[in-house]
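Here is what each chain is made of, one letter per residue.
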Amino acid sequence: MADTKTLTERPRGWGSSMRVRNVQALSANRKELTAEVLESYIRPEMDDDSTVLSENSEAVPVIDMRRLMDEKFVEEEMDKLKVACEDWGFFQFVNHGIPEKVMEEMKSNMKGFFELPLEEREKVAQEPGDFEGYGQAFVLSEKQKLDWADMLYIFTQPPHFRNFKLWPTQPPSFKESLNNYSVELQKVAHRILGFMARNLGVNPEKITQLYGSQTVRINYYPPCPNAHDKVLGFAPHSDMCGLTLLFQASQVTGLHIRRNGAWLPINPLPGAFIVNIGDALEILTNGKYKSVEHRAVINADKERMSIAALHTPSFGEMVGPLAEIVGDGKPLYKTLSLQDYAMLIFSRKLYRKSMIEQMKLNA
């Protein structure tokens, strides 16, 4: 099977998403947002899954890169990281070393893109039969409920997988800022994976070398004054990649994680990344680390923007439990090629932990 290094471009044919109305445009034009149109976004199940914990009830762990690099504090910080991965599946990552200028330029270009006229944004719209570009993801049926959000989904690593036709030319500095951001994020993701590997008793290179692919999902969540408590920007799901690093680009909060059967809001620390374990890493660790359901809620009056960098195994690698971690025990999950894993992802609606259930050996 070909691998990432020998391929000259990103493999295609893994899946696609149906074209639907632009939510930002709907939010801006209330005349078009009729009760009939809004019904496609209303989620009745929210009435039965509405318990939200106080923001002060618990706080996700905070992991400090400087302490991980300091001999005086590394053991204590590694213990905190272990708890974060095993018990939470989420943590905030501070003092990560990415220059503030890189993050601020990415934030500025994100905002600039979503301030463009719809006609300009749609110059990088998703192409038929593929999921990369501007639009929505995981829309497989005209009858399914839709997310109150638009997104720009782009392959960023390795560089030869990039399709520059789908990289916005406006704002003019968008491409350069995304490239700089992507390179820095890849370094940070590999450092985090390396520390995780040490906690698992695995050679760090064994895991970091697996994770050579990166995509970014740039999210725009418009306000919804009519029904902000009945729509979702992103339905409950776990990420199907290995590791996600999320940077919130606006002051409006909206990320909730599943915690003890309820929803816990996350307040991002200034300059921090919110890091979460994805399904592929849960599978690789044979369940020692857990991916966790999360969702994006909507504000009645204000927009929210974020950028998620999703890190996955390279094409040609396998997605399955790592032999060194399974040891004398039994693997709990199937092993699939990355291609088969990706096709399984994009052939189904993204909801709760459906991918993990599919990958369990007793499924």
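Shown above is the structure to which this text applies.
Since the model is a prediction, treat every value here as computed from it, not as a measurement.

## A word on the pairing of strand S10 (residues 273–277)
Now for step 1: Here S10 lies mainly inside the structure; 5 of its 5 residues are buried.
Now for step 2: Where burial is concerned, the two faces of S10 agree: the one with Phe273, Val275 and Ile277 and the one with Ile274 and Asn276 are both buried.
Now for step 3: Sheet analysis places strand S2 (residues 90–94) next to S10, joined by 4 bridges and oriented antiparallel. Its bridge partner lying in S10, Phe90 is registered against Asn276.
Now for step 4: Taken together, the 4 bridges between strand S7 (residues 243–248) and S10 define a ladder with antiparallel strand orientation. When the bridges of S10 are listed, Leu243 appears paired with Ile277.

## Remarks on the pattern of salt bridges
Now for step 1: Tallied over the full model, the rule gives 19 salt bridges.
Now for step 2: Two residues, Lys165 and Glu127, come together in a salt bridge whose shortest N-O distance is 3.7 Å. In this pair, Lys165 is assigned in the loop between strand S4 (150–157) and helix H7 (174–200) and Glu127 in the loop between helix H6 (118–121) and strand S3 (133–135), connecting sequence segments 38 residues apart.
Now for step 3: Put simply, Glu293 and Arg258 hold a salt bridge, and the shortest N to O gap is 3.4 Å. Note that Glu293 is positioned in the loop between helix H9 (279–284) and strand S11 (294–296) and Arg258 in strand S8 (residues 255–259), a separation of 35 residues in sequence.
Now for step 4: Taking the relative accessible area as the measure of exposure, Glu293 reaches 14% and is therefore buried.
Now for step 5: In the salt-bridge network here, residues are joined through shared partners; they are Arg67, Glu76, Glu77 and Lys80.

## Side note on the pairing of strand S5 (residues 213–221)
Now for step 1: With 9 of its 9 residues buried, S5 lies for the most part within the structure.
Now for step 2: Residues Ser213, Thr215, Arg217, Asn219 and Tyr221 line one face of S5 and the alternating positions Gln214, Val216, Ile218 and Tyr220 line the opposite face, and both faces are buried.
Now for step 3: Bridging between S4 and S5 involves 7 bridges; their strand directions are antiparallel. Bridge pairing in S5 links Tyr153 to Arg217.
Now for step 4: Judged from the 9 bridges that link them, S5 and strand S12 (residues 304–312) form a sheet pairing that is antiparallel. Paired with Ile218 across the bridge in S12 is Ile307.

## A word on the sheet that holds strand S9 (residues 262–265)
Now for step 1: Taken together, 4 strands build an open sheet; the order of strands is S6-S11-S8-S9 and the sheet is antiparallel. Of all the strands in the sheet, the pair left with one neighbour each is strand S6 (234–237) and S9. Between one strand axis and the next, the sheet turns by 25° as a mean value, whatever way the strands run.
Now for step 2: Of the strand pairs in this sheet, S8 and S9 are connected by 4 bridges, and their pairing is antiparallel. By the bridge assignment for S9, His256 is matched with Pro265.

Cut-offs applied
- Residues numbered from 1 in each chain as written.
- Predicted model: local features only at pLDDT ≥ 70, side-chain atom pairs only at ≥ 80, totals over all residues.
- Heavy atoms only, no water.
- Buried < 20%, exposed > 50% of the residue type's maximum accessible area, 1.4 Å probe, protein only.
- Helix = DSSP H or I, 4+ residues; strand = E, 2+ residues; numbered from the N terminus.
- Pairing = 2+ DSSP bridges.
- Salt bridge = Lys/Arg side-chain N within 4 Å of Asp/Glu carboxyl O.
- Axes fitted to C-alpha atoms, helices over the stretch in contact; angles between N-to-C directions.

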